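An overview of the molecular structure
Here is how the chains run, residue by residue.
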Amino acid sequence: RNDNGSNAASVPAAAAAAVKAALAAEAVGNFAKSRIHCMEALKHTPGHTEALLALARMSLASGQHEAVLKLLLREQPQMCKSAATKVEALSLAAAAEEHLGNWDDAVTHLEAAAQGAKTKGQASGAENESVLRAKTKPGAPCLEDVLGRLARAKFRSGEQQQEAAALAQRVLEADGAQREAFERALAG
């Protein structure tokens, strides 16, 4: 038993249950309920990564771009360094920077996310992106998506357009489904 009289073994279970409920609420767009469950999970397990990532995703979806950056870069910077959360956290930070028009910062985050995704793929023994995608959780950014966004951010930054074009070509050769996303990005 811990100092508040509850069973210490129940703390991780309570946090896991709260996160499960938070993710279910997030999936149906009930962000208010999801936030309540995330805060409950964080009360039981401060720094719970799934709860923090859910809060960042919901802030991004709600247009609270500065809140995403504050959470991931200033309050919880370990999220952008941990192998388990690096790719998603940096992808979320980059998305916030993209929405704010901070293309150079987006490039920095996406380059680190791409490196993290490549390292994660090598560590998992994935021989190609489809195998890596199958080994990651649903909704997690895959390497091709990160590289596609990186090419767009480099193009938008205005200083690295030739490098962006070369990267875009490599991504298109690896994943033709990215063509529509590139065409929309370059048109907008």
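Everything below is about the structure printed above this text.
What comes next concerns the included structure. Sequence order as written defines the numbering, with residues in each chain counted from 1. Residue-level local features of this predicted model are given only where pLDDT is at least 70; pairs of side-chain atoms are given and counted only at 80 or more, and the full residue set underlies all totals for whole chains, interfaces and linings. The basis for every side-chain value is the complete set of non-hydrogen atoms in the structure, without hydrogens or water.

1. Focus: the environment of Pro46
Helix and strand definitions follow DSSP, with helices as H or I runs of at least four residues and strands as E runs of at least two, each counted in order from the N terminus. By the secondary structure assignment, Pro46 is in the loop between helix 2 (31–44) and helix 3 (49–61). Think of it in three bands: with a 1.4 Å probe and only protein chains considered, a residue is buried below 20% of the maximum accessible area for its type, exposed above 50%, and partly exposed in between. A relative accessible area of 68% means that Pro46 is categorised as exposed. Separated by 31 residues in sequence, Pro46 and Ala15 have C-alpha atoms that sit 9.4 Å apart.

2. Focus on helix 3
Take the number of residues in a helix, subtract one, and multiply by 1.5 Å to get its expected span. When the terminal C-alpha atoms of helix 3 are compared, their 18 Å separation across 13 residues agrees well with the 18 Å that a helix rising 1.5 Å per residue should span. For helix 3, every residue scored as buried is listed here: Ala51, Leu52, Leu53, Ala54, Leu55, Ala56, Met58, Ser59 and Leu60. Looking at the buried residues of helix 3, the elements they touch are helix 1 (10–27), helix 2, helix 4 (65–75) and helix 5 (86–100). Positive backbone phi, approximately 80 degrees, marks Gly63, located one or two places after helix 3. Contacts: residue pairs with any heavy atoms within 4.5 Å of one another.

3. Here's the deal with helix 2
Over its 14 residues, helix 2 runs 20 Å from end to end, which matches the ideal 20 Å to within 8%, given 1.5 Å per residue. Along helix 2, the residues classified as buried are Ser34, His37, Cys38, Ala41 and Leu42. Considered in projection along helix 2, the buried side chains sweep an arc of 140 degrees and stay on one side of the axis. Across from the buried face of helix 2, at angles greater than 90 degrees, the exposed residues are Ala32, Ile36 and Lys43. Where helix 2 is buried, its residues touch helix 1 and helix 3. Think of it as the arc spanned by the lines of direction from the helix axis to the C-beta atoms.

4. Focus: the packing of helix 3 against helix 4
At a minimum axis separation of 7 Å, helix 3 and helix 4 run at an interaxial angle of 160 degrees. Classified by the interaxial angle, the pair formed by helix 3 and helix 4 is roughly antiparallel. Between helix 3 and helix 4 lies a crossing whose hand is left-handed. On the side of helix 3, the interface is formed by Leu52, Leu55, Ala56, Ser59 and Leu60, while helix 4 contributes His65, Ala67, Val68, Leu71 and Leu72. Note on method: axes are straight lines fitted to C-alpha atoms, helices fitted across the in-contact stretch only, with angles between N-to-C directions ranging 0 to 180 degrees. In what follows, roughly perpendicular refers to angles from 65 to 115 degrees, roughly parallel to angles under 35, roughly antiparallel to angles over 145, and oblique to any angle outside these ranges. For any helix crossing, the convention is left-handed if the near helix is rotated counterclockwise from the far helix by under a right angle, and right-handed if that rotation is clockwise.

5. Re the environment of Ser91
Inspection of the secondary structure puts Ser91 in helix 5. Ser91 gets classed as buried once you look at its relative accessible area, which sits at 8%. Distance from Ser91 to Ala113, taken between C-alpha atoms, is 6.3 Å for residues 22 residues apart in sequence.

6. Notes on the side chain of His109
With respect to the helices and strands, His109 occurs in helix 6 (residues 103–124). Filtering out sequence-adjacent residues up to four positions away, His109 remains in contact with Leu73, Leu90, Ala93, Ala94 and Glu97.

7. Quick look at the pattern of salt bridges
We define a salt bridge as a contact between a side-chain nitrogen of Lys or Arg and a carboxyl oxygen of Asp or Glu at a distance within 4 Å. Tallied over the entire structure, the rule returns four salt bridges. A salt bridge links Arg57 to Glu88, with the nearest nitrogen and oxygen atoms 2.7 Å apart. Placement of the pair is Arg57 in helix 3 and Glu88 in helix 5, with a sequence separation of 31 residues. For the salt bridge of Arg149 with Glu98, the shortest nitrogen-to-oxygen distance reads 3.2 Å.

8. Brief notes about the nonpolar core
The definition of a nonpolar core used throughout is a set of buried Ala, Val, Leu, Ile, Met, Phe, Trp, Tyr and Cys residues joined through side-chain atoms within 4.5 Å. Among the nonpolar cores identified, the biggest contains 41 residues, and Cys38, Leu72 and Leu92 are the most heavily contacted of them. Secondary structure elements with two or more residues in this core: helix 1, helix 2, helix 3, helix 4, helix 5, helix 6 and helix 8 (143–157).

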